[in-house]
Amino acid sequence: MDEIDASDFRHRVKAGFGAAPAGLMRLVYPPVCSGCGIMVGQAAALCSACWSTVRFIERPYCEITGLPFDHDRGEGLVSPEAIAHPPLYARARAAVFHDGVARRIVHGLKYSDRADLAAMMAAWMIRAGRDAVDDSDVIIAVPLHRGRLFARRYNQSAELGRAVAVLSGKPFLPGVMRRVRATRQQVGLGLKARQDNVRGAFSIAPEQGQRLLGLKVLLIDDVLTTGSTVEAATRALLRAGAAQVNVLTFARVASPGEETLYA
Ligand SMILES: [Zn+2]
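Note that the structure is a prediction, hence the values are computed from the model and not measured.

Criteria and cut-off values
Residues numbered from 1 in each chain as written. Predicted model: local features only at pLDDT ≥ 70, side-chain atom pairs only at ≥ 80, totals over all residues. Helix = DSSP H or I, 4+ residues; strand = E, 2+ residues; numbered from the N terminus. Buried ≥ 20, exposed ≤ 12 C-beta atoms within 10 Å, placed from the backbone. Contact = placed C-beta atoms within 7 Å. Expected span 1.5 Å × (residues − 1). Core = buried A, V, L, I, M, F, W, Y, C linked by C-beta atoms within 7 Å. Axes fitted to C-alpha atoms, helices over the stretch in contact; angles between N-to-C directions. Left-handed = near helix turned anticlockwise from the far one by under 90°. Nonpolar A, V, L, I, M, F, W, Y, C, P; charged D, E, K, R; others polar. Pairing = 2+ DSSP bridges. Right-handed = clockwise from strand over helix to strand, strands pointing away. pLDDT = per-residue confidence, 0-100. Arc of directions from axis to C-beta.

Undergrad: Please explain the overall build of the protein as it appears in this structure.
TA: For the protein, the helix and strand inventory stands at 12 helices and six strands. Counting only residues that meet the buried cut, the protein has 42% of its 263 residues in that class. Sequence separation of 24 or more characterises 72% of the internal contacts of the protein that already satisfy a separation of 6 or more.

Undergrad: So what exactly am I meant to see when it comes to helix H9 (residues 156–168) here?
TA: For the α-helix, the turn length of 3.6 residues means that residues three or four positions removed from each other point alike. With 13 residues, H9 should cover 18 Å at 1.5 Å per step; its first-to-last C-alpha distance of 18 Å lies within 8% of that length. The buried fraction of H9 amounts to 13 of the 13 residues, a majority that puts the element mostly inside the structure.

Undergrad: Explanation requested: the nonpolar core in the structure shown.
TA: Here is a general trend for soluble globular proteins: nonpolar side chains tend to be buried in one another's company. Core analysis: the biggest nonpolar cluster contains 66 residues, and Met 121, Ala 122, Met 125, Val 164, Leu 219, Leu 237 and Phe 250 have the highest contact counts within it. The leading source of residues in this core is helix H6 (residues 115–128), at 11 residues.

Undergrad: Would you mind showing me how to read the environment of Phe 202 here?
TA: Residue placement: Phe 202 occurs in strand E4 (residues 202–204). Residue classification places Phe 202 among the buried residues on the basis of 23 C-beta atoms within 10 Å. Separated by 27 residues in sequence, Phe 202 and Thr 229 have C-alpha atoms that sit 9.4 Å apart. In contact with Phe 202, not counting residues within four places along its chain, are Met 177, Arg 179, Val 180, Ala 232, Ala 233 and Ala 236.

Undergrad: How do you make sense of the packing of helix H10 (residues 191–198) against helix H12 (residues 228–239) when you look at a structure like this?
TA: Two quantities define a packed helix pair, namely the angle between the helix axes and the distance between the axes. Interhelical geometry of H10 versus H12 gives an angle of 35° and a closest axis separation of 9 Å. Of the two possible hands of crossing, H10 and H12 adopt the one that is right-handed. Together, Leu 191, Arg 194, Gln 195 and Val 198 of H10 and Ser 228, Thr 229 and Ala 232 of H12 make up the contact between the two elements. Among the residues making up the contact of H10 with H12, the classes are represented as three nonpolar, three polar and one charged.

Undergrad: Whenever I open this one, the sheet that holds strand E2 (residues 138–141) confuses me. Can you help?
TA: Strand order in the open sheet formed by four strands is E1-E6-E5-E2, with parallel pairing between adjacent strands. In the strand order of this sheet, the two ends are held by strand E1 (91–97) and E2, each with one partner. With direction set aside, neighbouring strand axes in the sheet form an average angle of 20°. Where strand E5 (residues 216–224) and strand E6 (residues 244–252) come together, eight bridges link them in parallel fashion. Within E6, the position partnered with Leu 219 by the bridge is Val 247. Strands in contact with H12 are E1, E2, E5 and E6; relative to E5, the strand with the most contacts, it is inclined by about 160°.

Undergrad: Looking at this structure, I do not really get unusual backbone geometry. What am I missing?
TA: Only a minority of non-glycine residues have a phi that is not negative, and only a minority of peptide bonds are not trans. The residue after Arg 59, namely Pro 60, is reached through a cis peptide bond having omega 10°. The topology assignment puts Pro 60 in the loop between helix H3 (48–53) and helix H4 (80–84).

Undergrad: Explanation requested: the pairing of E6 in the structure shown.
TA: Where a strand is regular, its side chains alternate between the two sheet faces. Counting buried positions along E6 gives eight out of nine residues, so the element sits mostly inside the fold. When E1 meets E6, the two strands line up parallel, connected through six bridges. Within the sheet, the bridge partner assigned to Val 96 lies in E6 and is Ala 251. Crossover connection from E5 via H12 to parallel E6: handedness right-handed.

Undergrad: Would you mind showing me how to read the confidence of the model for the protein here?
TA: Reading fine detail from the predicted coordinates is not recommended where pLDDT is low. A residue-level look at the protein finds 77% of positions with pLDDT of 70 or above and a mean pLDDT of 83. When the criterion is pLDDT under 50, residues 1–19 qualifies, and its contacts beyond four places in sequence or with other chains add up to 39 contacts. Low confidence marks residues 258–263, where pLDDT is under 50. Its contacts with residues over four positions away, or in another chain, come to 14 contacts.

Undergrad: Can you help me understand helix H5 (residues 100–111) in this one?
TA: Between its first and last C-alpha atoms H5 spans 17 Å; for 12 residues at 1.5 Å apiece the expected length is 16 Å, and the two agree. Taken residue by residue, H5 has Val 101, Ala 102, Ile 105, Val 106 and Leu 109 as its buried positions. Looking down the long axis of H5, one finds its buried residues gathered within 145° of arc, a one-sided arrangement.

Undergrad: Explain the environment of Met 39 to me, please; I cannot follow it from the model alone.
TA: Looking at the secondary structure, you find Met 39 in the loop between helix H2 (22–28) and H3. Once residues within four sequence positions are removed from consideration, Met 39 is found in contact with Pro 31 and Val 32.

Shown next as structure tokens:
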């Protein structure tokens, strides 16, 4: 099973990122496991040991929040939490839980220029969030503030958004939403502090909002923790005229108790 995802999609994604000869690709991206770094047959694949530890998120889960139920309550159900406190977004989906190998993959994308990793992650995301992808018109990624983008040179969410766009055929709209306030790192903040931290952090210029009028947006981020960030971004998108927002992330934190541990 180990190389099934990446190899399937890689040629198409490579074309999207600018095709390079296979030999050159191997030089640039040595074929090592994206989880542990051991040699594997193909770039952006996992060895079978790493693959077996990844916790993929599957139904049954709450059809709105995408969070799996503790007990098997059957499919097509909405959790009591989502009924009591309906989020602004229509649905949230994530490919994997944010731990172990999945966490290392997220880290690898964040701190190294790894377009091949983005392709693998995007393939997993589309498989997990097929309903969200199909029910969306355009793709928008959660933006970084310019200061942080300058320091890192790289917005991992935008790379995921671009890769999801290439694989799904839905248009990616970079630059529509901006982060107008430099927010503190969410790491170590509780739910309330996270909500305060990101409130009003996103803005959409009126002329950009025209491009969203009446459209369903697929909002992309790398990790969903408490949902405060995507909630704030969703608010900005709906205010600008989007008809609906679906959230798709690569990973999500399993339980709110873990929120202080992860970004
Ligand atoms: Zn491995």
